[in-house]
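Examination of the molecular architecture
Take a look at the letters that make up each chain.
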Amino acid sequence: AYMKSHPRVGLAGARMLNPDGSSQWSVSYRYPGEKLTRGEVAGLPGAIAAVLGAAMIAPRSLLMKLGGFSEDFFLYGEDQDLCLRMRRAGHEIGFIEEAPVIHEGGLSERGSRDYDRWKRKIEAEYIFYRKHYRPSTVRRISRAYAVKARWRLATLRLALPFLNSPGKEKAREKLAKYRAIDDTVRSQERKENAN
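The structure contained in this document is the topic of the report that follows. (Residues numbered from 1 in each chain as written. Predicted model: local features only at pLDDT ≥ 70, side-chain atom pairs only at ≥ 80, totals over all residues. Heavy atoms only, no water.)

1. Section: the nonpolar core
Counting 37 residues, the largest nonpolar core has Tyr 31, Tyr 129, Tyr 133 and Tyr 145 as the members making the most contacts within it. In terms of residues, this core owes the most to one element, helix α5 (residues 135–159), which gives seven residues. If near-sequence neighbours (up to four positions away) are discounted, Tyr 31 is found in contact with Val 41, Ala 49, Ala 50, Gln 80, Cys 83, Leu 84, Arg 87, Phe 128 and Tyr 133. Membership of the second largest hydrophobic core comes to five residues, among which are Met 3, Val 9, Ala 12 and Ile 96. (Core = buried A, V, L, I, M, F, W, Y, C linked by side-chain atoms within 4.5 Å. Buried < 20%, exposed > 50% of the residue type's maximum accessible area, 1.4 Å probe, protein only. Helix = DSSP H or I, 4+ residues; strand = E, 2+ residues; numbered from the N terminus. Contact = heavy atoms within 4.5 Å.)

Here is the structure:
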């Protein structure tokens, strides 16, 4: 019914809820790294950039025309990629507030180390960047990531001895995140310099 009443929408997502009924991220109005793109994804139809891939609806014919989800992505980023390709094909992304879906996020990563999970996320972002942004933009994003990650690693390491137990645990999770980001950025820089 939503799709029939919104003919400009090519793909729509549902409202995601956690198992306890609380709201979960469902809609994004920007793409990863977009603030550093200098307008590379400006002027696309609609205000929504992407919806969470856990529950989407789209006409089969349109999905087939766009090639569906890209196999370039393993676990993260494929929903944002599909939404961007949908918008570039002239269609808006919709959000169906009245369609709540309970989504137990993170099940596919249960048992994964924080570092490994973040590394996969950042690597998927780089796939997205290389598919959709200019090389100069990817370099700009890498520089911004590197500065932030290295700053956060330094400040977290300095703060760690002064934190209580719960604070130390959170800081260790953040250290894993920023180590994964820094390692991924360095790896991407080595690949770029090799080319």
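Past the structure itself, the notes keep going.
2. Considerations on the packing of helix α3 (residues 78–88) against helix α4 (residues 114–132)
Packing of α3 against α4 leaves a shortest axis separation of 10 Å and a crossing angle of 20 degrees. Between α3 and α4, the interaxial angle falls into the category roughly parallel. With respect to the hand of their crossing, α3 and α4 are arranged in right-handed fashion. When α3 is examined against α4, the residues Gln 80, Asp 81, Leu 84, Arg 85 and Arg 88 are found in contact with a partner set consisting of Phe 128, Lys 131 and His 132. When grouped by side-chain class, the residues that make up the contact of α3 with α4 number two nonpolar, two polar and four charged. (Axes fitted to C-alpha atoms, helices over the stretch in contact; angles between N-to-C directions. Parallel < 35°, antiparallel > 145°, perpendicular 65-115°, else oblique. Left-handed = near helix turned anticlockwise from the far one by under 90°. Nonpolar A, V, L, I, M, F, W, Y, C, P; charged D, E, K, R; others polar.)

3. A closer look at the packing of aromatic side chains
Tallied over the full model, the rule gives six aromatic pairs. Consider the rings of Phe 128 and Tyr 133, whose centres lie 5.7 Å apart with planes at 85 degrees: the pair is edge-to-face. As far as burial versus exposure is concerned, Phe 128 and Tyr 133 are alike and both buried. Their ring planes at 20 degrees and their centres at 5.7 Å tell us that Tyr 129 and Tyr 133 sit as a pair that is stacked. Three or more aromatic residues joined by ring pairs make a cluster, and in this case those are Tyr 31, Tyr 126, Phe 128, Tyr 129, Tyr 133 and Tyr 145. Residue placement shows Lys 121 over the ring face of Trp 118; its charged tip is 4.8 Å from the ring centre. (Phe/Tyr/Trp six-rings, centres within 6.5 Å; stacked < 30°, edge-to-face > 60°. Lys NZ or Arg CZ within 6 Å of the ring centre and 35° of its normal.)

4. Topic: the side chain of Asp 81
Turning to its location among the elements, Asp 81 is positioned in helix α3. Of note is the side chain of Asp 81, whose polar atom sits 3.2 Å from the side chain of Lys 131. Excluding anything up to four places from it in sequence, Asp 81 contacts Ser 70, Phe 73, Phe 128, Lys 131 and His 132. (Polar contact = N/O pair within 3.5 Å; in protein donor to acceptor, adjacent residues only side chain to side chain.)

5. Observations concerning the packing of α4 against α5
Relative to each other, α4 and α5 sit at 155 degrees, their axes nearing to 10 Å. In terms of axis orientation, α4 runs roughly antiparallel to α5. Packed against α4, whose contacting residues are Ile 122, Glu 125, Tyr 126, Tyr 129 and Arg 130, the element α5 presents Val 138, Ile 141, Ser 142 and Tyr 145 at the interface. For the contact of α4 with α5, the class distribution of residues is six nonpolar, one polar and two charged.

6. Notes on α3
With respect to burial, α3 is a largely interior element, nine of its eleven residues being buried. Of all the residues in α3, the buried ones are Asp 79, Gln 80, Asp 81, Leu 82, Cys 83, Leu 84, Arg 85, Met 86 and Arg 87. Where α3 is buried, its residues meet β1 (9–17), β3 (50–51), β4 (56–57), α2 (60–66), β5 (92–102) and α4. Phi turns positive, to about 100 degrees, at Gly 90, one or two residues after α3.

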